[in-house]
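# Structure at a glance
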Amino acid sequence: MTTTEATEANGSAGAEPGTEAGTATVVTDHDRGIHGYHHQKDEHLKRLRRIEGQVRGLQRMVDEDVYCIDILTQVSASTKALQSFALQLLEEHLRHCVADAAVKGGEEIDAKVEEATKAIARLLRT
C-alpha cells in the first residue's frame with residue numbers, strides 16, 4: 001500500500017479509531033509494522049540463502065586446502081553479493097520508511113534521514 005492510498009480523511013468511512021473528525025489522518029503500512037522489504041521478502045530470503053551457500057563454499061574451500069587466490073576470489077564475490085543486498089534494502093528503506101516519515105513531517109523525518117545517513121556511512125566503511 002502506498003502512502004497516498006493510505007491517506008484517509010477522518011469522519012469518512014474507514015477513519016482510524018481514536019482520531020478527531022475533520023482532521024487528516026495518514027495510516028501507512030509502516031504504521032501497521034510492515035517494513036519496506038516486506039513485499040520482496042521471498043526474493044530477499046532466496047538471495048540470502050544463495051549468499052549463505054557462497055559462505056559455506058568458502059568453508060569447504062579452506063577445509064580442502066584450495067589455493068589462496070581462488071578463495072579470495074570467492075570472498076570478493078560473497079562480499080559483492082552482500083553489498084548488493086544491502087543497497088537494495090537501503091533503497092526499500094528510503095522508499096518506505098523515510099517516505100512515510102516525510103509524509104508525517106516534524107521530527108520524525110529528521111530522525112529517519114539521520115538514521116539512513118548513518119546506515120550509508122556504515123556501508124561506505126565496509
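Structural data are supplied above this passage.
Residues numbered from 1 in each chain as written. Predicted model: local features only at pLDDT ≥ 70, side-chain atom pairs only at ≥ 80, totals over all residues. Heavy atoms only, no water.

### Brief notes about the overall build of the protein chain
So the rule is basically this: Counting from the N terminus, the helices are DSSP H or I runs at least four residues long and the strands are E runs at least two residues long. Partly exposed describes any residue whose relative accessible area lies between the buried limit of under 20% and the exposed limit of over 50%, with all areas from a 1.4 Å probe on protein chains only and scaled to the type maximum. Any two residues having at least one pair of non-hydrogen atoms within 4.5 Å are treated as being in contact.
Each helix and strand counted, the protein chain has four helices and two strands in total. Counting from the amino terminus, the protein chain carries its helices and strands in the arrangement α-β-β-α-α-α. Per-residue burial over the protein chain gives 22% buried out of 126 residues. Considering only intrachain contacts with a sequence separation of at least 6, the fraction spanning at least 24 residues in the protein chain is 44%.

### Digging into the packing of helix H3 (residues 68–104) against helix H4 (residues 107–125)
Convention followed: For every element, the axis is a line fit to its C-alpha atoms; helices are fit only across the contacting stretch, and the angle between N-to-C directions ranges from 0 to 180 degrees. Should an angle lie under 35 degrees it is considered roughly parallel, over 145 roughly antiparallel, and from 65 to 115 roughly perpendicular; all remaining angles are considered oblique. If you view the pair so one helix is near and one far, a crossing is left-handed when the near helix is turned anticlockwise from the far one by less than a right angle, and right-handed when it is turned clockwise.
Taken N-terminus to C-terminus, the directions of H3 and H4 make an angle of 165°; their axes are 8 Å apart at the nearest point. Classified by the angle their axes make, H3 and H4 are roughly antiparallel. The handedness of the crossing between H3 and H4 comes out as left-handed. Facing Ala86, Leu90, His93, Leu94, Cys97, Val98, Asp100, Ala101, Ala102 and Lys104 of H3, the residues of H4 in contact are Glu108, Ile109, Lys112, Val113, Glu115, Ala116, Ile120 and Leu123.

### With respect to H3
Using the following cut-off: Expected span of a helix, by definition, is 1.5 Å for each gap between consecutive residues, and there is one gap fewer than residues. One fitted axis covers the seven residues ending at a residue, a second covers the seven starting there, and the bend at that residue is the angle between these axes.
Taking 1.5 Å as the rise per residue, H3 with 37 residues should run 54 Å; its terminal C-alpha atoms sit 52 Å apart, in good agreement. Of all the bends in H3, the greatest, near 30°, is centred on His93. Immediately beyond the C-terminal end of H3, within one or two residues, lies Gly105, with a positive phi of roughly 70°.

### Overview of the packing of helix H2 (residues 41–63) against H3
As a reminder of what qualifies: Amino acids are sorted into nonpolar (Ala, Val, Leu, Ile, Met, Phe, Trp, Tyr, Cys and Pro), charged (Asp, Glu, Lys and Arg) and polar (every other residue, Gly among them).
At a minimum axis separation of 10 Å, H2 and H3 run at an interaxial angle of 160°. With respect to their mutual orientation, H2 and H3 come out roughly antiparallel. The chirality of how H2 crosses H3 is left-handed. Class assignment for the residues of the contact of H2 with H3 results in 13 nonpolar, six polar and three charged.

### Details of a nonpolar patch on the surface
Which entries qualify depends on this criterion: A patch consists of residues exposed above 30% relative accessible area that lack any salt bridge, with like charges linked at up to 9 Å and nonpolar side chains (Val, Leu, Ile, Met, Phe, Trp, Tyr) linked at up to 5 Å. Here the Shrake-Rupley method, with its probe set to 1.4 Å, supplies the accessible areas, and only the displayed protein chains count as covering residues. The term salt bridge refers to a side-chain nitrogen of Lys or Arg lying within 4 Å of a carboxyl oxygen of Asp or Glu.
The grouping of Leu45, Leu48 and Leu82 at the surface amounts to a nonpolar patch, some 230 Å² of accessible area in total. Relative to the helices and strands, Leu82 resides in helix H3. Judged by its relative accessible area of 43%, Leu82 falls in the partly exposed class.

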